[in-house]
Amino acid sequence: MRREIPLFITAITGVVFIIAYFIPHPPFNQIQDLFQTWFQIIAAFAIILGVLNLMVVNGDKVYRRSKGWGYSVIIILSFLVMAGIGTFKLGSKASPLEEGTPFMYLFYNVYYPLTSTVFALLAFFVASASFRAFRARNKEAALLLTAAFFVMLGRVPIGDYLTSWIPLKWLHLSTIANWIMAYPNMAAQRAIMIGIALGIISTSLRLILGIERSYLGGD
Amino acid sequence: MADTIGIWVAALLTLFIFSFLYKDNPLYKMAEHLFIGVSAGYWVSYLYQNVFKPNLYNPLFHQGKLLLIIPLILGLMMVMRLFPKIGWISRWSIAFIVGITSGYYLITYLQTNAVDQVRASLLNFSQINNIILVVGVLSGLIYFFFSAEHRGVLGGTAKLGIWFLMVAFGASFGYTVMARISLLIGRMQFLLGDWLGLLH
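In this text, all values refer to a predicted model and were calculated from it rather than measured experimentally.

Pulling in residues and values, what's your account of unusual backbone geometry?
Residues and elements named next belong to chain A. With an omega of 5°, the peptide bond running from P26 to P27 counts as cis. A positive phi angle is found at R65, which is not glycine, with a value near 55°. When you line up the elements, R65 lands in the loop between α2 (28-64) and α3 (69-87). Of note, the phi angle at K89 is positive, near 55°, even though the residue is not glycine. Tracing the sequence through the fold places K89 in the loop between α3 and α4 (102-133). For K89, a relative accessible area of 26% translates into the label partly exposed.

I'd like a description of the packing of aromatic side chains, backed by residues and values.
Across all of its chains, the model carries 25 aromatic pairs over all chains by this definition. Plain terms: the ring middles of Y143 of chain B and F146 of chain B are 6.0 Å apart, the flat faces sit at 75° to each other, and that makes the pair edge-to-face. Take Y143 of chain B: its relative accessible area is 26%, and that puts it in the partly exposed class. The structure contains a cluster of three or more aromatic residues connected by ring pairs, namely F103, F107, Y108 and Y111 of chain A together with Y42, W43 and Y46 of chain B. The cationic tip of R65 of chain A hangs over the ring face of W69 of chain A; the distance from NZ or CZ to the ring centre is 4.6 Å.

Explain helix α5 (residues 128-143) of chain B residue by residue, including any values.
For α5 of chain B, which comprises 16 residues, the first-to-last C-alpha distance of 22 Å matches the rise-based estimate of 22 Å (1.5 Å per residue) to within 8%. Three or more residues of α5 of chain B are buried, namely N129, N130, L133, V134, G136, V137, S139 and G140 of chain B. If you follow the buried residues of α5 of chain B, they end up packed against α7 (173-182) and α8 (184-208) of chain A together with α4 (90-121) and α6 (152-195) of chain B.

Go over the environment of F146 of chain B, please, and point to the residues and values.
In this structure, F146 of chain B sits in the loop between α5 and α6. Taking the C-alpha atoms as reference points, F146 of chain B and Y104 of chain B, 42 residues apart in sequence, are found 27 Å from one another.

Can you explain the side chain of R190 of chain A? Please cite residues and give values.
You can see R190 of chain A is positioned in helix α8. Among buried charged residues, R190 of chain A stands out as having no salt bridge; its nearest opposite-charge side chain is D116 of chain B, 10 Å away. Within polar-contact distance, the side chain of R190 of chain A engages the side chain of Q117 of chain B at 3.2 Å. Setting aside chain neighbours within four positions, we find R190 of chain A in contact with Q117, A120, S121, L133 and V137 of chain B.

Got a sec to walk through the packing of α8 of chain A against α5 of chain B? Specific residues and values, please.
At their nearest, the axes of α8 of chain A and α5 of chain B sit 8 Å apart, and the two run at 35° to each other. The way α8 of chain A lies across α5 of chain B gives a crossing that is right-handed. Each of P184, M186, A187, R190, A191, I194 and G195 of chain A in α8 of chain A lies in contact with α5 of chain B, whose residues at this interface are I132, L133, G136, V137, G140 and L141 of chain B.

A description of the interface of chain B and chain A should follow, citing residues and the corresponding values.
At the junction of the two partners, chain B supplies 109 residues and chain A supplies 106 residues. Summed over both sides, the interface of chain B with chain A buries roughly 10,100 Å², with 81% coming from carbon and sulfur. In terms of surface lost to chain A, no three residues of chain B exceed R91, F96 and L106 of chain B, which account for 7% of the buried area on that side. Applying the counting criterion to the chain B and chain A interface returns 1 salt bridge. Salt-bridge contacts for K159 of chain B lead to E140 of chain A; the nearest nitrogen and oxygen are separated by 2.9 Å. Applying the counting criterion to the chain B and chain A interface returns 20 residue pairs in polar contact (both at pLDDT 80 or more). Elements supplying a minimum of two residues to the side of chain B that touches chain A: α1 (2-18), α2 (26-62), α3 (69-79), α4, α5 and α6 of chain B. Ranked by residues supplied to the side of chain B that touches chain A, first place goes to α2 of chain B with 28 residues. The class makeup of the residues in the side of chain B that touches chain A is 76 nonpolar, 26 polar and 7 charged.

Cut-offs and rules
Residue positions are given per chain, counted from 1 along the sequence in the order it is written. For naming, the first written chain is A and the first written ligand is 1, with later ones following in the order written. Only residues with pLDDT of at least 70 get local features here, since the model is predicted, and only at 80 or more are side-chain atom pairs given and counted; chain-wide, interface and lining totals rely on the full set of residues. With hydrogens and water set aside, each side-chain value is computed from the structure's full complement of heavy atoms. Think of it this way: any DSSP run of H or I at least four residues long counts as a helix, any run of E at least two long counts as a strand, and we number them from the N terminus. Partly exposed residues are those whose accessible area sits between 20% and 50% of the maximum for their type, while under 20% is buried and over 50% is exposed, using a 1.4 Å probe and protein chains only. Paired rings are identified among Phe, Tyr and Trp, the last through its six-membered ring, by centres lying within 6.5 Å, and are further divided according to the angle between planes into stacked (under 30 degrees), edge-to-face (over 60) and tilted (the rest). Either the NZ atom of lysine or the CZ atom of arginine qualifies as a charge over a ring when it sits within 6 Å of the ring centre and within 35 degrees of the ring normal. Here a helix's expected span is defined as the number of its residues, less one, multiplied by 1.5 Å. Residue contacts follow a heavy-atom distance rule, with two residues in contact if any of their heavy atoms lie within 4.5 Å. The convention is simple: Lys and Arg are positive, Asp and Glu are negative, and His and the chain ends are not counted. Salt bridges are defined as contacts in which a side-chain nitrogen from Lys or Arg sits within 4 Å of a carboxyl oxygen from Asp or Glu. A 3.5 Å cut-off defines polar contacts: any pair of N or O atoms within that distance qualifies, except that in protein one atom must be a possible hydrogen donor and the other a possible acceptor, and neighbouring residues in sequence count only when both atoms are side-chain atoms. Helix axes are fitted only over the stretch in contact, all axes being lines through C-alpha atoms; the angle between N-to-C directions runs from 0 to 180 degrees. Here a crossing is called left-handed whenever its near helix is offset anticlockwise from the far helix by less than a right angle, and right-handed whenever the offset is clockwise. The term buried area means the drop in 1.4 Å probe accessible area that two parts suffer when joined, counted for both and summed. Each residue is assigned to one class: nonpolar for Ala, Val, Leu, Ile, Met, Phe, Trp, Tyr, Cys and Pro, charged for Asp, Glu, Lys and Arg, and polar for all the others, Gly among them.

And the structure:
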């Protein structure tokens, strides 16, 4: 019962989506639309589960006064403020997602700077990691290095500035970068995409047919 | 006034995060934990306003669409995961998500990533670039074929596939670096322009 019903649900929902693709007529397309709406709601609950878990873990740290519990207080308080303002539309009449609301004020002055700075920080780590890892020890590494070099330089104004004096346009860095992106890169990306597709198709079939059951966990 | 406070808060948080470049410190940790809490709060609000309210709350309680009780129950069953003794009940909701994702991905990946990509690779050999593209796709696919040992012609073609893959990885790396650098430039423009007013 604990395993059979979930396997049945997976099989039914998966098969409905496959049939609806080949027969986009009632009742299959209607069931597909219905399932899509349900999917959005249940997936949203999955995110809520993650957030609740975050609160439980950090609440427990505060309760036990574990090491660094003060940081857990910051997580809980900042969550409550942001979620409270956004959910209960504090300070906004229509939607809190409109410009000029307190929610968007926090978004632009807290959430956005933090997100972009955290990702900008990676620029330094990528630079230091590549300095250590990028040694052209063999042909493959040299190819990777060369492609990265041309793409990086070919996409900025200084790249074209450096090679603009060359009369042959196909030797300009931006032209080389565009060619790398359009042909050798595209060829490999297509091979990867086809490989991924075949992997996903086989995994999906295994899930729908009940061969792959690891998502059900133990017991 | 509110804008000025906002800019100062944003600038200080930016500097707190950048302080990690020196070493891990309490200011960085504070900003990091603030980031986690605010992100969670943002997504809860976003989901409530864009998913729960228009797709569940309003249709169920104001328009009487009682069939929506099913996803509501399945959603609540998902949350039961928090309680270890009855956590198994969330399998029904997970099974629904897995089933829909499998059915959807099976079709869309078959269409867009397999059939369409193969179709786009069926080119005539009138141009050298077309030959490079077809050879690159085939050799790349042969590299991913692990059912036979990579020796002889197969090994040579797989080796060629590796070279194409290396060029693609290099290009992807270059793009990633460029994206991160542009974010860094954005933050610097904010600090030097919006905050300190040194850029005009």
